[in-house]
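What follows is the residue order along each chain.
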Amino acid sequence: MTPQAEVSVSRVARSAGVISRAYGGLSRRNPPKIALAVLVLMLFIGIFGPVLAPKNPHVGSLSDSLEPPIWLEGGTLEFPFGTDFFGRDVLSRLLDGARITLVTALVALVGSAVVGVAVGLASGYFGGWIDSLVMRLVDFMLAMPSLLLALVFIAAIEPSLRAVILAVMISGWVGYARYVRGDVLSQREREYVTAAISIGCGAPRIMFRHLLPNVLATVMVIATLQTGGFILLVASLSFLGVGIPKPTAAWGVMISDGRDFLLNGWWVAVVPGVAISMLIVSLNLVGDWMRDTFDPRLRGL
Amino acid sequence: MRRYIAQRLIQSVLTLLILSLVVFVLTWVSGDPVLYILPPEMIDDDSIEELKRIHGLDDPLPIQYLSFLSRAVRADFGLSTQFRRSSAAIIKDRIVPSLHLGGMALLFVLGVAFPLGVFAAYNRGKMADAISRTLAFAGQSVPEFWLALMFILLFAVILNWLPAAGRTGGWQHWILPSVTAGWFAMAGLLRITRSSVLEVLGSDYIRTARAKGLSERSVLWRHTVRNSLITIVTSVALLAVGLMNGIVLVESVFGWPGLGQLFASSVLARDLFVVQGMAMLVGVMFLVANLLADIMYSVVDPRIRLGT
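For this particular structure, what's the right way to read the overall build of chain A?
Along chain A, the regular secondary structure elements total ten helices and zero strands. For chain A, contacts bridging at least 24 residues in sequence account for 74% of all contacts bridging at least 6. Here chain A has roughly 13400 Å² of accessible surface; of this, 67% comes from carbon and sulfur atoms.

For this particular structure, what's the right way to read the packing of aromatic side chains?
Any pair of aromatic rings gets described here by the distance separating the centres and the angle formed by the planes. Residues and elements named next belong to chain B. Applying the stated criterion to the full structure yields nine aromatic pairs over all chains. Between the aromatic rings of Phe 108 and Trp 183, the centroid separation amounts to 6.4 Å while the plane-to-plane angle is 15°, which identifies the pairing as stacked. With Phe 108 in helix 5 (residues 87-122) and Trp 183 in helix 8 (residues 172-201), this residue pair connects regions lying 75 residues apart in the sequence. Overall, the relative accessible area of 18% leaves Phe 108 in the buried class.

Just checking my understanding: could you explain the side chain of Ser236(A) for this structure?
Tracing the sequence through the fold places Ser236(A) in helix 8 (residues 203-239). Here Ser236(A) is in contact with Leu147(A), Phe145(B) and Leu249(B), once residues within four sequence places are set aside.

I tried to follow the packing of helix 3 (residues 90-126) of chain A against helix 9 (residues 251-258) of chain A on my own but got confused; where do I start?
Working note: a packed helix pair is described by the angle between its axes plus the distance between those axes. Residues and elements named next belong to chain A. The contact between helix 3 and helix 9 brings their axes to 8 Å, and the two run at 140°. As far as their axial angle goes, helix 9 and helix 3 are oblique. Along its contact with helix 3, which presents Val 90, Arg 93, Leu 94, Gly 97, Ala 98 and Thr 101, the element helix 9 presents Trp 251, Met 254 and Asp 257. Here the contact of helix 3 with helix 9 is built from residues that sort into five nonpolar, two polar and two charged.

Even after reading the chapter, I still don't get the interface of chain A and chain B, so can you show me in this structure?
The accessible area lost on association of the parts is a frequent measure of interface size. With 40 residues of chain A in contact, the opposing surface of chain B contributes 39 residues. Each partner contributes to the roughly 3500 Å² buried at the junction of chain A and chain B, and carbon and sulfur atoms together form 77% of this total. On the surface where chain A and chain B come into contact, there are one salt bridge. Across the salt bridge formed by Asp288(A) and Arg191(B), the nearest N and O atoms sit 3.5 Å from each other. Where chain A packs against chain B, one counts four residue pairs in polar contact (both at pLDDT 80 or more). Put simply, the parts of the chain that give the side of chain A that touches chain B at least two residues each are helix 4 (128-143), helix 5 (146-156), helix 8 and helix 10 (267-294) of chain A. In terms of residue count, the dominant contributor to the side of chain A that touches chain B is helix 10 of chain A (twelve residues). Looking at side-chain class alone, the side of chain A that touches chain B contains 29 nonpolar, six polar and five charged residues.

Would you explain the pattern of salt bridges in this entry?
Two side chains with opposite charge may pair up if their charged atoms get near one another. Applying the stated criterion across every chain yields a total of nine salt bridges over all chains. Of the charged contacts, one joins Asp129(B) and Arg194(B) as a salt bridge, the two residues approaching to 2.7 Å between their closest N and O atoms. Of this pair, Asp129(B) sits in helix 6 (residues 127-139) while Arg194(B) sits in helix 8, and the two are 65 residues apart along the sequence. Salt bridges sharing common partners tie together Arg88(A), Arg93(A) and Asp257(A).

Definitions and limits used
- Residues numbered from 1 in each chain as written.
- Chains lettered and ligands numbered in written order.
- Predicted model: local features only at pLDDT ≥ 70, side-chain atom pairs only at ≥ 80, totals over all residues.
- Heavy atoms only, no water.
- Helix = DSSP H or I, 4+ residues; strand = E, 2+ residues; numbered from the N terminus.
- Contact = heavy atoms within 4.5 Å.
- Areas by Shrake-Rupley, 256 points an atom, 1.4 Å probe, with all protein chains shown as cover.
- Phe/Tyr/Trp six-rings, centres within 6.5 Å; stacked < 30°, edge-to-face > 60°.
- Buried < 20%, exposed > 50% of the residue type's maximum accessible area, 1.4 Å probe, protein only.
- Axes fitted to C-alpha atoms, helices over the stretch in contact; angles between N-to-C directions.
- Parallel < 35°, antiparallel > 145°, perpendicular 65-115°, else oblique.
- Nonpolar A, V, L, I, M, F, W, Y, C, P; charged D, E, K, R; others polar.
- Buried area = accessible area lost by both parts, 1.4 Å probe.
- Salt bridge = Lys/Arg side-chain N within 4 Å of Asp/Glu carboxyl O.
- Polar contact = N/O pair within 3.5 Å; in protein donor to acceptor, adjacent residues only side chain to side chain.

Written out as structure tokens, the structure reads:
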């Protein structure tokens, strides 16, 4: 078989798999439009937020300390969402913090996916002792609370942005590895893999050129469902003071800043909390929809 | 059964060994442990040498690991740099408050999620179902520490019904911490209960039970709920994970003097020996919990034979 024929064989198999999964007699739901709109808005803010911020998010004037938001008595257009204790504009901090919040989650997500998919592919394809070792590790990781693992890791190295991302990845790869392995186990027996082996493809080529495209749907669904959890975890670490270092206005840090002012400045904690909750709700809604549409076997996730 | 438990125990010990190795390595990743033991004003070459000799830090790493292991078995993790007391003693003091909080949170989780899940599944598509689905969804989408703050704002600051912090005092002090600590796990269990009851309700033997004229109560409780229990028990380990995460965050918010707060503050203060001790303790707890969960499967569903 010529190299071209090999490509077309894998391409046919690939598109057949994806199409049958996406349209194969499943109950197709309408996409959650509001949630998608919120995500687009968040993405927009994440990209342009620091430019859009009307005030300096890191410097305020103490004479503006704890100004109320616009819908309360005494609120002004100058600070639509009020100010925090140090007189910093909450709206500007929110816009500025969107980027770091999203970027941290996305980097951790891509990192986890790369590690998890590679481990899952190897585990499913090679089987044997590699597989048992990986599955033992996966079981162990699933039984451990992600927050505690992240905390132990951060305790060992200095808290920093890099530490946070690595700490999230510690438990993040597990989901990919587990489901990709399951997928590969069933794909391995298909004709296109046998065909690839028979024309002499090496293991890396089969794993990454032939198997990988066929598990991508699973990976996409897991990624969307996981993003919300990642953002929660990063925010939790920031809240505990070991996450994204201050004075960066990550949303979790903002909530933690507001905890001491519930009595006379509740908006400092409420506004970023609402933003983070909206983001996670939207991500979970879109993730549920993607799962039902592309890969309903993942219902247990 | 006995053989299975023995096998699992050996596996657990192996896992613990791996965990201890990881914990030991973490100390070395973090830099020279001597710098954590000595007070800053005493750091000079002489005292570092002296301390290394006393604590055996000059030994080759494998020997150091063995000595760490032998001390870990005796629950000796060294002095806490933060409190200048034995780490194990500090941890011991914090166990009871955390058990209290965990127990109360678990009561809340089981008391709300299980009946509501069954009720929602039985009344599928109706109002109660919609409410419980929203609750399950919202519970997993709202950060727990923020929820804790919002509860404080609403019930303590605005309505003035419940106290905002503390553990000593009346039962009122327990409500907000246990509800928020269990919130995430509650949402998870609600979701799982609802879907597993729904699945059983759609099965053939339930139709048969109805066809032969059993009362609805008998159909629901004796045939449906009992059979959906297996899925629910399977997810108990996941719930424990959610509960643990919740406890760490909630203890910090409410100033609850438990393990979670100790853990967070030790990480912040880089109090490595306490973190080591806590990591080992959590590891042991989870291995025991998983073992119990596995044994419970066969109790709930006699069809599952362990160890074959």
